[in-house]
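Secondary and tertiary structure notes
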Amino acid sequence: MKIVNHKKYVFLSMILSSFLISSQGHCTSSTATPEPSAIAINACSDKEKGDACEFTNDKGDSVNGRCGYANDQSKLFCVAYQ
C-alpha cells in the first residue's frame, strides 16, 4: 500500500484558493463603456446634445447618430444609432 503525502496537496490547494480570492474584483466588466474616439468627439464639436451627427470611422464606414455625453459628462460625442 502506497502512502500519499497529503501535505503538498493541501499546500497547493491553499495557494490556489488564495490566488482566486485575491483576484476577485479585479476582472474587467464587459459592460464598461469605452471612451469615445476623437473622431466621434469632433463630429459634435459645433453641435448640442441631441443634434444629428455623422462621421467616418477608422474602418471607412459612414456612421450616423446623435450627439450625447460621455460617462464624465464633459465630452459631447456622436453616439451611433444601433
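Read on for a plain summary of the structure. (Residues numbered from 1 in each chain as written. Predicted model: local features only at pLDDT ≥ 70, side-chain atom pairs only at ≥ 80, totals over all residues. Heavy atoms only, no water.)

Right, let's talk about the pairing of strand 2 (residues 62-69) for a bit. Inspection of the sheet shows strand 1 (residues 52-56) paired to strand 2 by five bridges, in the antiparallel sense. From the neighbouring strand, Ala-52 faces strand 2, where its bridge partner is Arg-66. Remark: five residues form the turn of the hairpin made by strand 1 and strand 2, two consecutive strands paired antiparallel; Gly-60 in that turn has positive phi of roughly 90°. Here strand 2 pairs with strand 3 (residues 76-80) via five bridges, running antiparallel. Note on strand 3: the bridge partner recorded for Gly-68 is Phe-77. A loop of six residues connects strand 2 with strand 3, the two strands running antiparallel in sequence, and Gln-73 in this loop sits at a positive phi of about 60°. (Pairing = 2+ DSSP bridges. Helix = DSSP H or I, 4+ residues; strand = E, 2+ residues; numbered from the N terminus.)

Take the state of the cysteines next. In a disulfide, the sulfur atoms of two cysteines are held together by a covalent bond. Tallied over the full model, the rule gives two disulfides. Disulfide pairing places Cys-53 opposite Cys-78 at an S-S distance of 2.0 Å. Here Cys-53 and Cys-78 share a disulfide; its torsion about the S-S bond, 90°, makes the bridge right-handed. Residue Cys-53 is located in strand 1, and its partner Cys-78 is located in strand 3; the two are separated by 25 residues in the primary sequence. Residue classification places Cys-53 among the buried positions, given a relative accessible area of 5%. For Cys-78, a relative accessible area of 4% gives the class buried. When the bonded cysteines of the protein are counted from the start of the sequence, the pairing works out to 1-3, 2-4. (Disulfide = S-S within 2.5 Å. Buried < 20%, exposed > 50% of the residue type's maximum accessible area, 1.4 Å probe, protein only.)

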